[in-house]
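Observations on chain architecture
One letter stands for each residue in the lines below.
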Amino acid sequence: DIVMTQSPDSLAVSLGERATINCKSSQSVLSSSNNKNYLAWYQQKPGQPPKLLIYWASTRQSGVPDRFSGSGSGTDFTLTISSLQAEDVAVYYCQQHYNFPPNFGQGTKLEIK
Amino acid sequence: EVQLVQSGAEVKKPGESLRISCKTSGYTFTNYWIGWVRQMPGKGLEWLAIIYPGDSNIRYSPSFQGQVTISADKSISTAYLQWNSLKASDTAMYYCVRGYYIDYWGQGTLVTVSS
């Protein structure tokens, strides 16, 4: 199984500031056949199922605000929120969708400072 | 509009059996993988199993192989997750999900196992 490790476990950022969450996979999730990184990011608010933000490491899901962006390749990835809004308070998960089981990271709790 | 609508909350005793369901609509059921993800209280997300209804290809996470059974009924576009003998440690929210990267989630089914 591919193990996904996020850092930090929790993060407090001021409104309007940048938030950065990191994700590392235990093996590369870059496919040599199509040159795509099989990495997704989700946002989960209390009492709700998670919501897909980013897939293929950097492709924003339809309807997701452009303050959310994903980057990275191979084994190291980053989710960036360029200007934190109050509604972004949530737990964020990375996930590899390269093979089964498509494991998630442990989650990063994002709060307002 | 794509929808995954799950069956309601369940309260069971240890040793009992259970099957929960996920009724889908708004897309071609046989063209997408559909699976189940567990979230224990206050914890993260874990994959249990996935099925491709088009050819009934099934994969189980090693941790859940033999513990649960996934199935699908193409005639009614519905996926299922079944336990033969529940344990207290099966208490969790279970989400029905579409795809390896999950673009659609069910609303969740809370399963509580307690004596």
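Rules used throughout
- Residues numbered from 1 in each chain as written.
- Chains lettered and ligands numbered in written order.
- Predicted model: local features only at pLDDT ≥ 70, side-chain atom pairs only at ≥ 80, totals over all residues.
- Heavy atoms only, no water.
- Phe/Tyr/Trp six-rings, centres within 6.5 Å; stacked < 30°, edge-to-face > 60°.
- Lys NZ or Arg CZ within 6 Å of the ring centre and 35° of its normal.
- Pairing = 2+ DSSP bridges.
- Helix = DSSP H or I, 4+ residues; strand = E, 2+ residues; numbered from the N terminus.
- Disulfide = S-S within 2.5 Å.
- Patch = residues over 30% accessible without salt bridge, like charges linked within 9 Å, V, L, I, M, F, W, Y side chains within 5 Å.
- Areas by Shrake-Rupley, 256 points an atom, 1.4 Å probe, with all protein chains shown as cover.
- Salt bridge = Lys/Arg side-chain N within 4 Å of Asp/Glu carboxyl O.
- Contact = heavy atoms within 4.5 Å.
- Buried area = accessible area lost by both parts, 1.4 Å probe.
- Polar contact = N/O pair within 3.5 Å; in protein donor to acceptor, adjacent residues only side chain to side chain.
- Nonpolar A, V, L, I, M, F, W, Y, C, P; charged D, E, K, R; others polar.

**Observations regarding the packing of aromatic side chains**
Under the counting rule described, the total for this entry stands at 15 aromatic pairs over all chains. Taken together, the aromatic side chains of Y38(A), Y55(A), W56(A), Y98(A) and Y101(B) make up a single cluster linked through ring pairs. Cation over ring: R98(B) sits above Y27(B), and NZ or CZ is 4.7 Å from the ring centre. For R98(B), the ring lying beneath its charged end belongs to Y32(B), and the centroid distance is 3.8 Å.

**Things to note about the sheet that holds strand β2 (residues 10–13) of chain A**
Judged by pairing direction, the sheet is mixed, and its six strands sit side by side in the order β2-β10-β9-β4-β5-β6 (chain A) without closing on themselves. This sheet does not close on itself; its edge strands, each paired only once, are β2 and β6 (59–60) of chain A.

**Focus on the state of the cysteines**
Residue and element names in this part refer to chain B. Applying the stated rule across the entire model yields two disulfides over all chains. Paired by a disulfide, C22 and C96 hold their sulfur atoms 1.9 Å apart. Every disulfide takes its handedness from the sign of the S-S torsion; for C22 and C96 that torsion is -65 degrees, giving left-handed. With C22 in strand β3 (residues 18–25) and C96 in strand β9 (residues 92–98), this residue pair connects regions lying 74 residues apart in the sequence.

**Concerning unusual backbone geometry**
Most peptide bonds take the trans form, and the phi angle of most residues other than glycine is negative. The omega angle of the peptide bond from S7(A) to P8(A) is -5 degrees, so this bond is cis rather than trans. With an omega dihedral of 0 degrees, the bond running from F100(A) to P101(A) counts as a cis peptide bond. Relative to the helices and strands, P101(A) resides in the loop between β9 (90–96) and β10 (108–112). Its identity as a non-glycine residue notwithstanding, S56(B) has a phi of 60 degrees, on the positive side. As for its position among the elements, S56(B) is in the loop between β5 (45–52) and β6 (57–60). For S77(B), which is not glycine, the phi dihedral falls at a positive 50 degrees.

**Quick notes on a nonpolar patch on the surface**
A cluster of nonpolar side chains, L15(A), V89(A) and I112(A), forms an exposed patch at the surface whose accessible area comes to about 230 Å². Examined against the element boundaries, I112(A) turns out to sit in strand β10.

**Here's the deal with the interface of chain A and chain B**
Taken together, the 20 residues of chain A in the interface contact 21 residues of chain B. Carbon and sulfur atoms make up 70% of the surface buried where chain A meets chain B, a total of about 1,600 Å² over both sides. Considering only the side of chain A, the residues that lose the most area to chain B are P50(A), F100(A) and F104(A), jointly responsible for 38% of the buried surface there. Counting across the interface, chain A meets chain B through zero salt bridges. Here chain A is connected to chain B by six residue pairs in polar contact (both at pLDDT 80 or more). Counting residues per element, the side of chain A that touches chain B draws most heavily on strand β4 (residues 39–44) of chain A, at three residues. Split into classes, the residues belonging to the side of chain A that touches chain B amount to 12 nonpolar, seven polar and one charged.

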